[in-house]
Amino acid sequence: MTLKMKATNRRARVVLVGSGRMGQIRASILYSNPRFDLCGIVDINLDGATDLANKYHTKAFATVTEAICLFGTQVANNDGWMETDDSSTSIDSSVSFSSGPDPSVAGIDAVIVSSPTFTHKSIVNEVAPHGIFIFTEKPVDETVEGTQELFDICHKTNSVLCCGFQRRFDHSYAATQKAIAEGSIGKALMANLFFADHPCPPIDFLLKGGNIFMDLLPHDFDFIRWCLQDDVVSVYATGTSSTEELEKAGVHDNATVMTKFKKGAMVTFTLSRSASYGYDQRCEVFGEKGLITVGNEHLNTSTLSNGHGVHASTLKHSFPQRFNQAFTKELDAFADCILNEKEWTVSTKDCVEVQKISDAARKSCELGVIVNIERGL
């Protein structure tokens, strides 16, 4: 059976993988965005998938393949029509689709992967042969080689792999990048980026793989590299453990990373797993002609001034609150890729470079040495 529909004036039909914290954030945004049709939630924990699917009036699946077998997939052709690719899947014509009785909208356009990083490889390999769009949370993979491999697989199968780095879509961070690109501070010489999480993740998460250089560094590194349009040549990192349990396990919950870029800029990243006063995210870039900063966002803008001082609210609670606007705009940009053939802002090289620096920072901290980044000519 071949199904056709116009590629314009329609909604992007997506399946979401992951019912955990990021999956819940993505599901809420997808459901509220009229440009998307959230067709299903996938999670090996079917109870979690079912709970989230019920909340947003959609279907639950244990695997991506189950969802693709039910819906089929949308593949664009040269005439601007959409055809359901059913060469490797079958569609039960008796199934009632959530978008209505019209079978011409059965296929899905994309899979959004919000499951843990170690699951990305198998999911991308499962989806890529269908030639549709794939969105993953950062990082694409836990290694440089794995990251490049997944992009290569998608390229060979005509799938489009998009990795999310939400700072590029935040109004304040994007305005900072734009000002630097326009030369407002002249040549960038130095930058400081501060990332203190809130609330502190559970101790089990930290002990079982919560590497601070893999979890906290990538977003800020992608952002500053985007601002400077430059690559790192050397990395030095050091870290500390605030409790005896973390120290015995060799897990750092506070760290500093110092980097030098090709064009000479020096950038320092300060990372912490816990700020007692809220989610603390700051950035400052110093240049020959000026300084530009990104400040924190508070719960509200009310400020009390009296004889005891100047009093403001605490910072926003955590990343879902601080970056809600960015997450929303990020998925809207993904809809543009699907529906309007727009190019995704984060490239393969961007993802590979971020992973290189995360790997280098971890190695530097372990060995206590500066790590130089090797690149081909």
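Relevant structure appears above.
K.L.:
For this particular structure, what's the right way to read the overall build of the protein chain?
P.N.:
When helices and strands are counted, the protein chain shows 13 helices and 18 strands. When the 377 residues of the protein chain are sorted by exposure, 51% land in the buried category. The contacts of the protein chain with a sequence gap of at least 6 include a subset with a gap of at least 24, amounting to 70%. Put simply, the protein chain shows about 17600 Å² of open surface, and 52% of that area lies on carbon and sulfur atoms.

K.L.:
What should I look at first to understand the environment of Ile-338 in this one?
P.N.:
Checked against the element boundaries, Ile-338 lands in helix 12 (residues 324-340). Of the residues examined, Ile-338 reaches a relative accessible area of 9% and is grouped as buried. The spacing of Ile-338 and Ala-12 is 326 residues in sequence and 6.7 Å in space, taken between C-alpha atoms. Non-local contacts of Ile-338, meaning those with residues more than four positions away in its chain, are made with Arg-10, Ala-12, Val-14, Asp-109, Ala-110 and Phe-133.

K.L.:
So what exactly am I meant to see when it comes to empty space enclosed by the protein here?
P.N.:
In this approach, a probe sized like a water molecule rolls over the atoms, and the result shows the empty space that is left. The tally for this structure, following the rule as stated, stands at one cavity of 30 Å³ or more. In this structure, the largest cavity occupies an estimated 30 Å³ of space. In terms of lining residues, the largest cavity is bounded by Pro-139, Val-140, Thr-147, Cys-163, Phe-165, Cys-351, Val-354 and Gln-355. The biggest single contributor to the lining of the largest cavity is helix 13 (residues 348-367), with three residues. For the lining of the largest cavity, the class distribution of residues is six nonpolar, two polar and no charged.

K.L.:
I tried to follow the state of the cysteines on my own but got confused; where do I start?
P.N.:
Note: disulfide means a covalent bond formed between the sulfur atoms of two cysteine side chains. If you walk through the whole model with that rule in mind, you get zero disulfides. The thiol sulfur of Cys-351 is not disulfide-bonded, and the nearest other cysteine sulfur, from Cys-163, lies at 4.0 Å.

K.L.:
When you look at the pattern of salt bridges in this model, what are you seeing that I'm missing?
P.N.:
If the charged atoms of two oppositely charged side chains come close together, the side chains can form a pair. Taken as a whole, this structure holds 22 salt bridges when the rule is applied. Two residues, Asp-37 and Arg-13, come together in a salt bridge whose shortest N-O distance is 2.6 Å. Of this pair, Asp-37 sits in strand 3 (residues 36-42) while Arg-13 sits in strand 2 (residues 12-17), and the two are 24 residues apart along the sequence. A single burial state applies to Asp-37 and to Arg-13, both of which are buried. Among the ionic pairs, Asp-222 bridges to Arg-168, the shortest N-O distance being 2.8 Å. Highlighted residues: Asp-222 in helix 9 (residues 217-228) and Arg-168 in the loop between strand 9 (160-164) and helix 6 (171-181), separated in sequence by 54 residues. The exposure classification of Asp-222 matches that of Arg-168, with both residues buried. Taken together, the salt bridges that share partners define one network made up of Arg-168, Asp-222, Arg-225, Asp-231, Lys-349 and Asp-350.

K.L.:
It is not clear to me how the sheet that holds strand 12 (residues 254-261) should be interpreted in this structure. Could you clarify?
P.N.:
Pairing between sheet strands relies on hydrogen bonds along the backbone, with the strands arranged either parallel or antiparallel. What the seven strands build is an open sheet, ordered 15-14-10-13-12-11-18; its pairing is mixed. Two strands in the sheet have a free side with no partner beyond their single neighbour: strand 15 (291-294) and strand 18 (371-372). Judged from the seven bridges that link them, strand 10 (residues 188-196) and strand 13 (residues 266-272) form a sheet pairing that is parallel. Within strand 13, the position partnered with Phe-194 by the bridge is Thr-270. The strands touched by helix 6 are strand 14 (280-287) and strand 15; relative to strand 15, the strand with the most contacts, the crossing angle is about 165 degrees. Contacts from helix 13 reach strand 11 (232-240), strand 12 and strand 18, with the element oriented near 50 degrees to strand 11.

K.L.:
Could you clarify how one ought to interpret the environment of Lys-342 in this entry?
P.N.:
You can see Lys-342 is positioned in the loop between helix 12 and helix 13. Among the residues examined, Lys-342 registers a relative accessible area of 48% and is labelled partly exposed. The residues touching Lys-342, leaving out its near neighbours within four places in the chain, are Asp-336 and Cys-337.

K.L.:
Please explain the packing of helix 1 (residues 21-32) against helix 12 as it appears in this structure.
P.N.:
Each pair of packed helices can be summarised by the angle the axes make with each other and by the distance between the axes. Close contact between helix 1 and helix 12 brings their axes to 10 Å; oriented N to C, the two are set at 65 degrees. Judged by the angle between their axes, helix 1 and helix 12 are roughly perpendicular. Our pair here, helix 1 against helix 12, has a crossing hand that is right-handed. For the pair helix 1 and helix 12, the contacting residues are Met-22, Ile-25, Arg-26, Ile-29 and Leu-30 in the first and Phe-327, Thr-328, Glu-330 and Leu-331 in the second. Its residues placed into classes, the contact of helix 1 with helix 12 shows six nonpolar, one polar and two charged.

Basis of the calculations
- Residues numbered from 1 in each chain as written.
- Predicted model: local features only at pLDDT ≥ 70, side-chain atom pairs only at ≥ 80, totals over all residues.
- Heavy atoms only, no water.
- Helix = DSSP H or I, 4+ residues; strand = E, 2+ residues; numbered from the N terminus.
- Buried < 20%, exposed > 50% of the residue type's maximum accessible area, 1.4 Å probe, protein only.
- Contact = heavy atoms within 4.5 Å.
- Areas by Shrake-Rupley, 256 points an atom, 1.4 Å probe, with all protein chains shown as cover.
- 1 Å grid on protein atoms, 1.4 Å probe; cavity = no way out; pocket = protein on both sides within 12 Å on 5 of 7 lines; lining within 4 Å.
- Points joined across faces, edges and corners; volume = space filled by probe spheres on them.
- Nonpolar A, V, L, I, M, F, W, Y, C, P; charged D, E, K, R; others polar.
- Disulfide = S-S within 2.5 Å.
- Salt bridge = Lys/Arg side-chain N within 4 Å of Asp/Glu carboxyl O.
- Pairing = 2+ DSSP bridges.
- Axes fitted to C-alpha atoms, helices over the stretch in contact; angles between N-to-C directions.
- Parallel < 35°, antiparallel > 145°, perpendicular 65-115°, else oblique.
- Left-handed = near helix turned anticlockwise from the far one by under 90°.

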